[in-house]
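Observations on the model geometry
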Amino acid sequence: MGETTANATQEKAPKKSWYKGLKSEFKKIVWPDKESLVKESAAVIAITVVLGFVIALLDMAIEYGVNLII
């Protein structure tokens, strides 16, 4: 077990190279344009509302069924 810990500390990258790697990865990100961002946000909101409505209906149906049994 001691060997694993020793190897892990030897393999850590210096903080400067980690920062440079992080910076280069952020440069690779392709950010969406405003139009697609609005469309995707509207789709997420619409799906959330629809699923909330479905869950509310299921909750009421289950509650009604439990009340009939009790």
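Coordinates for the structure precede this section.
As a starting point, this report considers the structure included with it. (Residues numbered from 1 in each chain as written. Predicted model: local features only at pLDDT ≥ 70, side-chain atom pairs only at ≥ 80, totals over all residues. Heavy atoms only, no water.)

Quick look at the overall build of the protein chain
A count of helical and extended segments in the protein chain gives 3 helices and 0 strands. Going from the N terminus to the C terminus, the protein chain shows its helices and strands as α-α-α. With 70 residues in all, the protein chain has 0% of them scored as buried. Surface accessibility of the protein chain: about 7,000 Å² in total, with carbon and sulfur atoms responsible for 69%. (Helix = DSSP H or I, 4+ residues; strand = E, 2+ residues; numbered from the N terminus. Buried < 20%, exposed > 50% of the residue type's maximum accessible area, 1.4 Å probe, protein only. Areas by Shrake-Rupley, 256 points an atom, 1.4 Å probe, with all protein chains shown as cover.)

Details of a nonpolar patch on the surface
Side chains of V50, V54, L58, I62, V66, I69 and I70 sit close together on the surface and give an oily, nonpolar patch of about 740 Å² of accessible area. With respect to the helices, strands and loops of the structure, V66 is situated in helix α3 (residues 34-69). Residue V66 is classed as partly exposed on the basis of its relative accessible area of 38%. (Patch = residues over 30% accessible without salt bridge, like charges linked within 9 Å, V, L, I, M, F, W, Y side chains within 5 Å. Salt bridge = Lys/Arg side-chain N within 4 Å of Asp/Glu carboxyl O.)

Some words on the pattern of salt bridges
Inspection of every chain in the model, using the stated rule, returns 2 salt bridges. Put simply, E25 and K28 hold a salt bridge, and the shortest N to O gap is 3.2 Å. The partly exposed category is assigned to E25, whose relative accessible area is 44%. E35 serves as the salt-bridge partner of K39, at 3.3 Å between the closest nitrogen and oxygen. Remark: E35 and K39 occur in helix α3; sequence separation between them is 4 residues, near one turn of the helix.

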